[in-house]
Amino acid sequence: METEEVDTRPLDDLLDDLYRGQERISQVDIYRRAVAAELPAQLLSRLNALPQGEYAVDEVTDLLGGSVG
């Protein structure tokens, strides 16, 4: 079964905006903003799968396999 590559740029852009001036953000807040930004379902499910808690941007990108740095 083939897996489609998901464009993570919308997620990268969202995280850039979210973390501007913030050190840690909760999983709930990240997910809410992603829904409001209408990110693709595959990205939303990745965010929803994160354990609840607060994350620094590098922790989120490591867990999601993103590229924001």
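Here the structure is a predicted model, which means the values were calculated and not measured.

Trainee: How do you make sense of the pattern of salt bridges when you look at a structure like this?
Mentor: Taken as a whole and judged by the stated rule, the model has four salt bridges. Across the pair Glu59 and Arg24 runs a salt bridge whose closest N-O atoms are separated by 3.2 Å. One end of the pair, Glu59, is in helix H4 (residues 57-64); the other, Arg24, is in the loop between helix H1 (9-18) and strand S1 (25-26), with 35 residues separating them in the sequence. Assessed through its relative accessible area of 39%, Arg24 is described here as partly exposed. Two residues, Arg32 and Asp29, come together in a salt bridge whose shortest N-O distance is 3.1 Å. On the criterion of helical spacing, the pair formed by Arg32 and Asp29 is a turn pair, its members being three residues apart in helix H2 (residues 27-36). Under the relative-accessibility criterion, Arg32 is labelled exposed at 53%. Classification of Asp29 as partly exposed rests on a relative accessible area of 35%.

The rules behind the values
- Residues numbered from 1 in each chain as written.
- Predicted model: local features only at pLDDT ≥ 70, side-chain atom pairs only at ≥ 80, totals over all residues.
- Heavy atoms only, no water.
- Salt bridge = Lys/Arg side-chain N within 4 Å of Asp/Glu carboxyl O.
- Helix = DSSP H or I, 4+ residues; strand = E, 2+ residues; numbered from the N terminus.
- Buried < 20%, exposed > 50% of the residue type's maximum accessible area, 1.4 Å probe, protein only.

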